[in-house]
Amino acid sequence: NPEITDNFDKLSLANAGTGDNRLFAPLLATYILYAVAMYLIKREFDWYLQRRHESLSQKQGHNYAIYVSNIPTELRSSSALRELFDAVTNGRVAQVSLAYDVGELDAL
């Protein structure tokens, strides 16, 4: 447009008409940015998935923890609870821990 004298306005997309070749630059930049973002997200997801599988495949107690509440009074000892869970799981219990005073935790 010959009547525009400001150089910034000459380069602005607001000044681009229908079929102007300058319209392809933002489109191309958008596709490139989208492709790079998707590549980085996929790479991050693959890294996370690998670490997650490594973590879950380890034989650690925290991967197989069970939390039980409202335990009957006669089972409120580690040995009694272990006997019960050993009977239920065919002796595959690694550890039994009890938290007796959780009143402060309930208040949270």
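Residues numbered from 1 in each chain as written. Predicted model: local features only at pLDDT ≥ 70, side-chain atom pairs only at ≥ 80, totals over all residues. Heavy atoms only, no water.

Visitor: Whenever I open this one, the overall build of the protein confuses me. Can you help?
Guide: A count of helices and strands for the protein gives four helices and zero strands. Secondary structure elements of the protein, listed N to C terminal, follow the sequence α-α-α-α. Burial analysis of the protein (108 residues in total) assigns 7% to the buried set. On the protein, roughly 9900 Å² of surface is accessible, and the fraction owed to carbon and sulfur atoms is 59%. (Helix = DSSP H or I, 4+ residues; strand = E, 2+ residues; numbered from the N terminus. Buried < 20%, exposed > 50% of the residue type's maximum accessible area, 1.4 Å probe, protein only. Areas by Shrake-Rupley, 256 points an atom, 1.4 Å probe, with all protein chains shown as cover.)

Visitor: Would you explain the nonpolar core in this entry?
Guide: For soluble globular proteins, nonpolar side chains are generally found buried alongside one another. Counting six residues, the largest nonpolar core is built from Ile71, Leu75, Ala80, Leu81, Val93 and Val96. Other than its neighbours up to four places away in sequence, Leu81 contacts Ile71, Leu75, Val96 and Leu98. (Core = buried A, V, L, I, M, F, W, Y, C linked by side-chain atoms within 4.5 Å. Contact = heavy atoms within 4.5 Å.)

Visitor: How should I be thinking about helix α3 (residues 78-89) in this particular structure?
Guide: Counting along an α-helix, one turn takes 3.6 residues, and residues three or four places apart therefore face a common direction. In this model, α3 (twelve residues) spans 16 Å end to end at C-alpha, consistent with the 16 Å of a helix rising 1.5 Å per residue. Looking one or two places after α3, you find Asn90, whose phi comes out positive at around 60 degrees. (Expected span 1.5 Å × (residues − 1).)

Visitor: Help me understand a nonpolar patch on the surface in this model?
Guide: On the surface, Leu28, Ile32, Val36, Tyr39 and Leu40 cluster together into a nonpolar patch covering about 490 Å² of accessible area. As for its placement among the helices and strands, Tyr39 is situated in helix α2 (residues 24-57). (Patch = residues over 30% accessible without salt bridge, like charges linked within 9 Å, V, L, I, M, F, W, Y side chains within 5 Å. Salt bridge = Lys/Arg side-chain N within 4 Å of Asp/Glu carboxyl O.)

Visitor: Could you clarify how one ought to interpret the pattern of salt bridges in this entry?
Guide: Side chains that carry opposite charge are capable of pairing whenever their charged atoms lie near each other. The tally for this structure, following the rule as stated, stands at one salt bridge. Here Asp46 ties to Lys42 by a salt bridge, and the two come within 2.8 Å at their closest N and O atoms. Here the residue Asp46 and the residue Lys42 both occupy positions in helix α2, the gap between them amounting to four residues, near one helical turn. A residue is classified by how much of its surface remains accessible, and Lys42, at 48% relative accessible area, is partly exposed.

Visitor: What's the story with the confidence of the model for the protein in this structure? I'm lost.
Guide: Predicted coordinates in regions of low pLDDT should not be interpreted in detail. With 89% of its residues at a pLDDT of 70 or more, the protein shows a mean pLDDT of 83. Within the protein, α2 carries the highest mean pLDDT (93), whereas helix α4 (residues 103-107) carries the lowest (71). (pLDDT = per-residue confidence, 0-100.)

Visitor: Even after reading the chapter, I still don't get unusual backbone geometry, so can you show me in this structure?
Guide: Both trends apply: most residues other than glycine have a negative phi, and most peptide bonds are in trans. Of note in the backbone geometry, Asn70 takes a positive phi value of approximately 55 degrees without being a glycine. Here Asn70 lies in the loop between α2 and α3. Although it is not a glycine, Asn90 adopts a positive phi angle of roughly 60 degrees. For Asn90, the location among the structural elements is in the loop between α3 and α4.

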